[in-house]
Amino acid sequence: MVANWVSFNVIDTERHDWARGWAALKRYVERVGDARVPYEHREGAVPLGEWVAEQRRAYEAGQLLSQRAERLEQLGMVWSRGRGVPGESGGCAGLLRAALDVVCSAYGRSSRQAAPTTAMPPAMNNSSRRAVRHS
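Predicted, not measured: the structure shown is a model, and the values here were computed from it.

Draft legend 1. Looking closely at the overall build of the protein chain. The helix and strand tally for the protein chain stands at 5 helices and 0 strands. When the helices and strands of the protein chain are listed from N to C terminus, the series reads α-α-α-α-α. Sorting the 135 residues of the protein chain into buried and exposed places 24% on the buried side. Across the protein chain, the fraction of contacts at a sequence separation of at least 24, relative to all contacts at a separation of at least 6, is 38%.

Draft legend 2. Region of the structure containing the pattern of salt bridges. The final tally for this structure, using the stated rule, is 4 salt bridges. A salt bridge links Glu14 to Arg68, with the shortest nitrogen-to-oxygen separation between them at 2.7 Å. Remark: Arg68 occurs in helix α3 (residues 66-74) and Glu14 occurs in helix α1 (residues 2-32); sequence separation between them is 54 residues. You can call Glu14 partly exposed: its relative accessible area is 39%. With a closest N to O distance of 2.7 Å, Arg31 and Glu43 form a salt bridge. In this pair, Arg31 sits in helix α1 while Glu43 sits in the loop between α1 and α2 (48-60), placing the two residues 12 residues apart along the sequence.

Draft legend 3. Broad picture of the packing of aromatic side chains. All told, the structure shown has 2 aromatic pairs when counted by the stated rule. Note on Tyr59 and Trp79: the rings are 3.8 Å apart at their centroids and 10° apart in plane angle, and the pair reads as stacked. Taken together, the positions of Tyr59 in helix α2 and Trp79 in the loop between α3 and α4 (91-106) put the pair 20 residues apart, joining distant regions of the chain. The class for Tyr59 is partly exposed, based on a relative accessible area of 35%. A relative accessible area of 13% places Trp79 in the buried class. The side chain of Arg71 reaches across the aromatic face of Trp22, ending 4.0 Å from its centre.

Draft legend 4. How the structure looks around α2. Spanning 13 residues, α2 covers 18 Å between terminal C-alpha atoms, matching the ideal 18 Å at 1.5 Å per step. Those residues of α2 lying buried are Leu48, Gly49, Trp51, Val52, Ala53, Gln55, Arg56 and Ala58. Remark: Gly62 follows α2 within two positions and exhibits a positive phi of approximately 75°.

Draft legend 5. Quick peek at the nonpolar core. Within the largest apolar cluster, 19 residues are counted, with the highest numbers of intra-cluster contacts made by Leu25, Leu48, Trp51, Val52, Leu64 and Leu72. Elements with a minimum of two residues in this core: α1, α2 and α3. If one sorts the elements of this core by residue count, α1 sits on top with 6 residues. Non-local contacts of Leu48, meaning those with residues more than four positions away in its chain, are made with Gly21, Ala24, Leu25, Tyr28, Val37, His41, Arg42 and Glu43.

Draft legend 6. Expanded view of the confidence of the model for the protein chain. Residues at a pLDDT of 70 or more form 51% of the protein chain, whose mean pLDDT is 74. For the stretch residues 83-90, pLDDT sits under 50, and the model shows 25 contacts to residues farther than four places along the chain or on other chains. Scored below 50 in pLDDT, residues 124-133 makes 5 contacts in the model with residues more than four places away or belonging to other chains.

Draft legend 7. Focus on the environment of Gly76. Summarising the element assignment, Gly76 is placed in the loop between α3 and α4. Judged by relative accessible area, which is 35%, Gly76 ranks as partly exposed. For the pair Gly76 and Asp34, spaced 42 residues apart in the sequence, the C-alpha separation amounts to 6.4 Å.

Definitions and limits used
- Note that residues are indexed from 1 along each chain, following the sequence as it is written.
- In view of the model being predicted, local features appear only for residues whose pLDDT reaches at least 70, and side-chain atom pairs are presented and counted only at 80 or more, with totals across whole chains, interfaces and linings using the full set of residues.
- Heavy atoms throughout the structure, all of them, feed into the side-chain values; hydrogens and water do not.
- Numbering goes from the N terminus for both helices and strands, where a helix is a DSSP run of H or I of at least four residues and a strand is a run of E of at least two.
- Here's how the labels work: a residue is buried when its accessible area is under 20% of the maximum for its type, exposed when over 50%, partly exposed in between, all with a 1.4 Å probe on protein chains only.
- Any two residues whose heavy atoms approach within 4.5 Å are treated as being in contact.
- A side-chain nitrogen of Lys or Arg and a carboxyl oxygen of Asp or Glu constitute a salt bridge if their distance falls within 4 Å.
- The pairing test for Phe, Tyr and Trp rings, Trp by its six-membered ring, is centres within 6.5 Å, and the orientation test on the planes gives stacked under 30 degrees, edge-to-face over 60, and tilted for anything in between.
- The rule for a charge over a ring is simple: NZ of Lys or CZ of Arg within 6 Å of the ring centre, and within 35 degrees of the ring normal.
- To estimate the expected span of a helix, subtract one from its residue number and multiply by 1.5 Å.
- Buried Ala, Val, Leu, Ile, Met, Phe, Trp, Tyr and Cys residues form a nonpolar core when they are joined through side-chain atoms within 4.5 Å.
- In predicted models, pLDDT denotes the confidence assigned by the predictor to each residue on a 0 to 100 scale.

Structure below.
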């Protein structure tokens, strides 16, 4: 009895939600021409941007069924998050990361390399900050 309840109320609901998200993405792609959905976008009652972001997370974690991945790829799904494209998943963080990449590349660094603390202006150095607070 519990297995039937779980199957009907959890598994079938999840399948229905996925199918609803896929159908909303299909409508979006037909109208807009690509599957790069802004995170905040809703397609009717479907929070499509959030749904697309969740599909990306599942794909990156190896938890998305291959049939689902194939269906999404047929619609033009982009698995990597947008970098530097306002409104895409990644949003402002992606835009800031792209700007940081440009600045760091001008100095021959990767934005993923931490700058040594000696390179920080005195106001940003933790020891200077502590000294100012306790003075």
